[in-house]
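Here's the letter readout for the chains.
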Amino acid sequence: MSVELMVWDEPEPIGRDQARATYLAVKRAEPTNGPTNGPIHEPGDGPEVVKELPGEVRLYPDGHVLVSMDLDSMDEMSAQVFAIARAHGLVCYDPQRDLVHNVAPLGVYEGMQLHTGDGMIVHDPDLGLVDDVLGTLSAQNPFAALVNFGRHFIQVSPGYELEYKEGTLVRTAVAELEEVRRAFREYATGDRSFLARHEWAQ
């Protein structure tokens with residue numbers, strides 16, 4: 001079984017609905033090249049990004065790039081594709097998770113990582129992606145965390161048990177998803193207002 005990611009250029013951040021519609025429309029078109037394993041190095045082979053992408057790469061009209069990979073290598077290769085797309089200023093859509101990775105807006109911590117319980121790791125995630133990921137908490141995705149290694153992190157599990165660690169690990173129960181999203185956004189942007197809004201226990 002294979003999984004896919006699609007990479008392309010957008011002038012502004014886009015939502016999941018637009019990303020999904022773009023992906024489905026492009027998939028209905030014919031690729032401009034056959035499947036290529038590994039990087040493409042020939043001149044004129046499409047956007048510069050294709051030279052760096054792992055997996056099986058297909059080019060579609062208007063600079064859309066489809067990357068296919070084995071399910072077994074999905075977590076590792078997806079992280080590579082996310083990072084390469086960001087480095088080139090491109091959108092990346094993950095149809096398996098129905099998530100879109102935009103270039104911006106970002107948090108204030110360079111190198112911050114988003115980890116999920118279903119195996120996704122994203123370096124420097126955009127804030128829209130963080131919001132969307134928090135809406136996917138389930139038995140299949142049992143946690144989401146923003147991590148600044150060696151400094152602090154915030155994490156949540158289904159049922160909205162929120163944990164925060166900066167020296168000491170503390171936790172609290174949060175009633176609504178929107179409050180979880182608010183806390184994660186504040187954390188990502190360097191705001192610690194969420195600490196004052198809740199009662200925390202060790």
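These numbers come from a predicted model, not from an experiment. (Residues numbered from 1 in each chain as written. Predicted model: local features only at pLDDT ≥ 70, side-chain atom pairs only at ≥ 80, totals over all residues. Heavy atoms only, no water.)

1. A few points about the side chain of T116
For step 1, the next point in the chain: If you trace the backbone, T116 turns up in strand β7 (residues 113-116).
For step 2, the next point in the chain: A polar atom in the side chain of T116 sits 2.4 Å from the side chain of D118.
For step 3, the next point in the chain: Discounting residues that sit within four places of it in the chain, T116 has contacts with V133, N141, F143 and A144. (Helix = DSSP H or I, 4+ residues; strand = E, 2+ residues; numbered from the N terminus. Polar contact = N/O pair within 3.5 Å; in protein donor to acceptor, adjacent residues only side chain to side chain. Contact = heavy atoms within 4.5 Å.)

2. What about the side chain of S78?
For step 1, the next point in the chain: Along the chain, the position of S78 falls in helix α2 (residues 74-87).
For step 2, the next point in the chain: On the basis of relative accessibility, which here comes to 3%, the residue S78 falls in the buried class.
For step 3, the next point in the chain: With near-sequence residues (within four places) excluded, S78 lies in contact with L5 and M69. (Buried < 20%, exposed > 50% of the residue type's maximum accessible area, 1.4 Å probe, protein only.)

3. Notes on unusual backbone geometry
For step 1, the next point in the chain: Note that the residue after A104, namely P105, is joined by a cis bond; omega there is 0 degrees.
For step 2, the next point in the chain: Phi is positive for D98, which is not a glycine, with a value near 55 degrees.
For step 3, the next point in the chain: Assignment of secondary structure puts D98 in the loop between β5 (91-94) and β6 (99-101).
For step 4, the next point in the chain: For Y160, which is not a glycine, the phi torsion comes out positive at approximately 65 degrees.
For step 5, the next point in the chain: Within the secondary structure, Y160 is located in the loop between β10 (152-157) and β11 (161-166).

4. Side note on the sheet that holds strand β12 (residues 168-173)
Note on sheets: strands pair through backbone hydrogen bonds, and any given pair is parallel or antiparallel.
For step 1, the next point in the chain: If you trace the six strands from one edge of the open sheet to the other, you get β8-β7-β9-β10-β11-β12, paired in antiparallel fashion. The outermost strands of the open sheet, each flanked by one partner alone, are β8 (121-123) and β12. Strand-to-strand twist of the sheet, defined as the mean angle between neighbouring strand axes without regard to direction, takes the value 15 degrees.
For step 2, the next point in the chain: Sheet topology note: the β7/β8 ladder contains three bridges and is antiparallel. Paired with H115 across the strands is I121, a residue of β8.
For step 3, the next point in the chain: Where helix α4 (residues 177-188) meets the sheet, its contacts fall on β9 (144-148), β10 and β11, and the angle it forms with β10 comes to roughly 165 degrees. (Pairing = 2+ DSSP bridges. Axes fitted to C-alpha atoms, helices over the stretch in contact; angles between N-to-C directions.)

5. Describing the packing of aromatic side chains
For step 1, the next point in the chain: Scanning all chains against the criterion turns up five aromatic pairs.
For step 2, the next point in the chain: Aromatic side chains F194 and W200 sit 6.1 Å apart centroid to centroid with 65 degrees between the ring planes, which places their arrangement in the edge-to-face category.
For step 3, the next point in the chain: Grouped by ring-pair contacts, the aromatic residues Y109, Y164, Y187, F194 and W200 constitute a single cluster. (Phe/Tyr/Trp six-rings, centres within 6.5 Å; stacked < 30°, edge-to-face > 60°.)

6. Some words on the pairing of β11
For step 1, the next point in the chain: Bridge count between β10 and β11: five bridges; the pairing is antiparallel. Residue pairing across strands places S157 opposite E161, the latter belonging to β11.
For step 2, the next point in the chain: Bridge count between β11 and β12: six bridges; the pairing is antiparallel. Along β12, the bridge assignment pairs E161 with A173.
For step 3, the next point in the chain: Between the antiparallel neighbours β11 and β12 lie one residue, among them G167 with a positive phi of about 95 degrees.

7. Examining α4
For step 1, the next point in the chain: With 12 residues, α4 should cover 16 Å at 1.5 Å per step; its first-to-last C-alpha distance of 16 Å lies within 8% of that length.
For step 2, the next point in the chain: By the criterion of burial, α4 is predominantly enclosed, with nine of the 12 residues buried.
For step 3, the next point in the chain: Buried within α4 we find L177, E179, V180, R181, A183, F184, E186, Y187 and A188.
For step 4, the next point in the chain: Buried residues in α4 make contact with α3 (127-134), β9, β10, β11 and α5 (193-197). (Expected span 1.5 Å × (residues − 1).)

8. What about the pattern of salt bridges?
For step 1, the next point in the chain: According to the stated counting rule, one finds 17 salt bridges in the structure shown.
For step 2, the next point in the chain: Taking the shortest distance from any N to any O, the salt bridge between K27 and E4 comes out at 2.8 Å. Residue K27 is found in helix α1 (residues 16-27), and its partner E4 is found in strand β1 (residues 2-8); the two are separated by 23 residues along the sequence.
For step 3, the next point in the chain: The class for K27 is partly exposed, based on a relative accessible area of 33%.
For step 4, the next point in the chain: When its relative accessible area of 15% is taken as the criterion, E4 is described as buried.
For step 5, the next point in the chain: R171 is paired through a salt bridge with E163; the nearest N and O atoms lie 2.8 Å apart.
For step 6, the next point in the chain: R171 sits in the partly exposed class, given a relative accessible area of 29%.
For step 7, the next point in the chain: Among the residues examined, E163 registers a relative accessible area of 13% and is labelled buried.
For step 8, the next point in the chain: Each of D75, D94, R97 and D118 takes part in one network of salt bridges that share partners. (Salt bridge = Lys/Arg side-chain N within 4 Å of Asp/Glu carboxyl O.)

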